[in-house]
Each structure stands twice: as structure tokens, then as C-alpha cells.
Protein chains: 2
Amino acid sequence: MGFAETFKALSDPARREILDMLKDGPMTAGDIGNHFDMTGPTMSYHLKILKNADLIYEEKQKNFIFYHLNTSVLEEIMVWMSSLKGDK
Amino acid sequence: MGFAETFKALSDPARREILDMLKDGPMTAGDIGNHFDMTGPTMSYHLKILKNADLIYEEKQKNFIFYHLNTSVLEEIMVWMSSLKGDK
DNA sequence: TATCTATTTAGATGTTTATCTAAATAGATG
DNA sequence: CATCTATTTAGATAAACATCTAAATAGATA
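Each chain has its residues counted from 1, following the order in which its sequence is written. Key to labels: chains lettered from A, ligands numbered from 1, both in the order written. Only residues with pLDDT of at least 70 are given local features in this predicted model, and only at 80 or more are side-chain atom pairs given and counted; all residues enter the totals for whole chains, interfaces and linings. As a convention, hydrogens and water are excluded, and side-chain values are obtained from all of the structure's heavy atoms.

## A short note on the protein's contact with DNA strand D
In these notes, residues near a molecule or strand are those with any non-hydrogen atom within 4 Å of it. What surrounds DNA strand D is a group of 23 residues, the closest being A:Thr42, A:Tyr45, A:His46, B:Gly30 and B:Tyr67. Looking at DNA strand D alone, sugar and phosphate atoms form 72% of those within 4 Å of the protein. Take B:Asn63: an N or O atom from its side chain is 3.5 Å from a base oxygen of DNA strand D. Within 3.5 Å is the distance limit for a polar contact, defined as a pair of N or O atoms, with the added protein rule that one can donate a hydrogen and the other accept it, and that residues adjacent in sequence qualify only through two side-chain atoms. Here a phosphate oxygen of DNA strand D and a side-chain polar atom of B:Tyr67 are 2.6 Å apart. Numbering of helices and strands runs from the N terminus; a helix is a DSSP stretch of H or I covering at least four residues, while a strand is a stretch of E covering at least two. Secondary structure elements with two or more residues in the surface near DNA strand D: α4 (40-52) of chain A together with α3 (29-34), α4 (40-52) and β3 (64-69) of chain B. Looking at the surface near DNA strand D, the element that brings in the most residues is α4(A), giving five residues. Residues are grouped as follows: nonpolar covers Ala, Val, Leu, Ile, Met, Phe, Trp, Tyr, Cys and Pro; charged covers Asp, Glu, Lys and Arg; every other residue, Gly included, is treated as polar. Looking at the surface near DNA strand D, its residues break down into nine nonpolar, nine polar and five charged.

What follows is the structure, encoded as C-alpha cells:
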């Protein structure tokens with residue numbers, strides 16, 4: 001939990017695409033995975049990184065896991081970026 | 001040049017600190033390096049990554065190189081982040 | 001309860017990253 | 001022009017990362 005973790009999570013194109021997909025609502029791990037040419041375990045790995053970075057959270061429902069976007073961390077990053085730009 | 005490169009550049013704490021330092025005005029590679037417990041070559045490596053990510057640019061003056069902050073790339077990232085947040 | 005479905009964990013592997021030391025470049029100055 | 005100062009390039013290395021296959025978990029259902 002820190003900027004390093006967040007930026008590392010955001011540095012991978014697949015992970016950014018996952019976030020874009022979740023913008024329209026929660027999805028199961030399987031449905032997310034179907035959009036990529038990757039194995040399940042690889043998808044699971046990326047989801048874990050996004051989860052550890054607090055960019056998504058999971059909700060278990062039956063034997064599915066729904067992933068939700070969490071944008072609160074992005075707010076903090078935008079504050080830092082604004083300060084870099086000199087916006088006080 | 002792309003989000004991947006930018007986020008990777010931002011994922012390192014030393015590199016983020018360099019950007020914070022440059023917020024107050026340009027600095028030479030040497031002066032930047034003096035703030036860190038790192039060798040010159042390591043500093044040079046980080047500066048190159050920031051430069052390739054277009055987050056800084058250099059201006060040669062005598063036998064010094066002054067590094068300047070460049071925030072235009074951050075704007076694009078903030079636009080993407082805003083869209084994730086649903087700010088249309 | 002046996003098994004099917006959804007997802008994760010474990011372990012292996014090739015690639016990328018951050019760091020160092022040693023050497024190279026290039027401009028300024030005695 | 002010899003050398004000092006500022007910085008980078010080259011090459012090596014340990015750690016971290018992204019990916020895979022095989023196996024494990026855990027809940028739903030026949």
C-alpha cells in the first residue's frame with residue numbers, strides 16, 4: 001500500500017485494461033479472463049496485484065468472484081500529480 | 001512513450017522524489033544525485049528513465065546538465081484516471 | 001457423496017529492473 | 001595540451017516480474 005505498489009500495478013497494459021473494463025460494472029474473474037489471451041493463473045496473478053494495490057476489491061457470490069473497481073487510490077495519485085504541476 | 005513507460009518510471013520512489021525536487025526549479029544531475037545515497041551511474045540510469053518517459057527534459061549548460069520537470073504527460077494520465085472515476 | 005465449475009496456489013522459467021564498479025566522453029581550465 | 005570535473009556507457013549481478021503447466025481448494029449440483 002503506497003504509490004510504488006499502485007504505479008507498478010498500473011504499469012501493465014493488461015491490468016489497465018482490466019480497470020477500464022470494470023468501469024462499466026463488476027465482472028467475474030472468468031469473464032475478465034475471457035477478454036485476454038492468457039491462462040487463468042496469469043489472470044489470477046494480475047487480479048491479485050490490482051487487489052493488493054487497492055485498485056479493485058472482490059465480492060464472493062456463489063462460486064464466482066466478482067471484481068469491482070476502486071478509484072479512491074487514484075484520487076490520492078491525482079492530488080500528488082496536481083502538486084507536481086504546481087496546482088496548489 | 002506510452003502509459004506503460006510513464007507508470008514504470010513513476011513506480012520507483014527515488015524517481016518520484018526527483019520529480020518532487022524539480023518542482024522548485026531545474027537542477028543539475030550532480031545536485032540531484034547528492035540528495036540520494038546512490039552512485040552517479042545509478043542516478044544517471046534513473047534520470048534516463050524519467051527522460052525516456054518524457055517526465056523530465058535536459059538542458060546542457062557548460063559541462064553541466066540541468067534537468068527540468070515536464071508535466072504534460074501527467075495531464076494525459078490524469079485524464080485517463082478521471083475517466084476511470086466516471087468523470088465524463 | 002461424487003463430480004463439475006470457478007478460481008487460486010505452487011513451482012519453474014525467461015525477461016526486466018536496480019544497482020554496482022570500471023571505463024569512456026566531453027567540456028572547462030591551469 | 002594535460003588534466004580536472006560532470007556525466008554517461010558498458011558490463012556484471014541479484015532481485016523482481018510475467019508467464020506457463022500442474023495441482024489444490026471450495027462451492028454448486030447431479
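## Overview of the sheet that holds strand β2 (residues 56-61) of chain A
Residues and elements named next belong to chain A. Here, any two strands with at least 2 DSSP bridges between them count as paired. If you trace the three strands from one edge of the open sheet to the other, you get β1-β3-β2, paired in antiparallel fashion. Looking along the sheet, the strands with just one partner apiece sit at the ends: β1 (27-28) and β2. Taken together, the two bridges between β1 and strand β3 (residues 64-69) define a ladder with antiparallel strand orientation. Within β3, the position partnered with threonine 28 by the bridge is phenylalanine 66.

## Considerations on helix α2 (residues 13-22) of chain B
A simple rule labels every residue: compare its accessible area, found with a 1.4 Å probe on the protein chains alone, to the largest value its type can have, and call it buried under 20%, exposed over 50%, or partly exposed in between. With respect to burial, α2(B) is a largely interior element, seven of its ten residues being buried. Every buried residue of α2(B) is accounted for by B:Ala14, B:Arg15, B:Arg16, B:Ile18, B:Leu19, B:Met21 and B:Leu22.

## Quick look at the interface of chain B and chain A
Chain B puts 22 residues into the contact, and the matching count from chain A is 22 residues. Each of two parts loses accessible area, computed with a 1.4 Å probe, when they are put together; buried area is these two losses added. With both sides pooled, the region where chain B packs onto chain A buries about 2,200 Å², and carbon together with sulfur makes up 74% of that total. In terms of surface lost to chain A, no three residues of chain B exceed B:Met78, B:Leu84 and B:Lys85, which account for 28% of the buried area on that side. We define a salt bridge as a side-chain nitrogen of Lys or Arg found within 4 Å of a carboxyl oxygen belonging to Asp or Glu. Taken together, the links from chain B to chain A amount to two salt bridges. For A:Glu75, the salt bridge is made with B:Lys85, and the minimal N-O distance between the two is 3.2 Å. For the pair chain B and chain A, the number of links is four residue pairs in polar contact (both at pLDDT 80 or more). When contributions to the side of chain B that touches chain A are tallied by element, the ones reaching two or more residues are α1 (3-10), α2 and α5 (72-84) of chain B. Per-element tally for the side of chain B that touches chain A: the top contributor is α5(B), with nine residues. When grouped by side-chain class, the residues that make up the side of chain B that touches chain A number twelve nonpolar, four polar and six charged. Residues count as neighbours in contact if any of their non-hydrogen atoms are within 4.5 Å of one another.

## With respect to unusual backbone geometry
Residues and elements named next belong to chain A. In this structure, aspartate 54 is a non-glycine residue whose phi angle is positive, near 65 degrees. Here aspartate 54 falls in the partly exposed class, since its relative accessible area comes to 30%. A positive phi is found at lysine 62, a non-glycine position, where the angle reads about 55 degrees. With respect to the element layout, lysine 62 can be found in the loop between β2 and β3. By relative accessible area, lysine 62 is classed as exposed at 81%.

## Some words on the pattern of salt bridges
All names here are of chain A. A complete count under the given rule lists six salt bridges over all chains for this structure. We note a salt bridge from lysine 51 to glutamate 58, for which the minimum N-O separation is 3.2 Å. Of the residues examined, glutamate 58 reaches a relative accessible area of 26% and is grouped as partly exposed. Each of Lys51, Glu58 and Lys60 takes part in a single network of salt bridges with overlapping partners.

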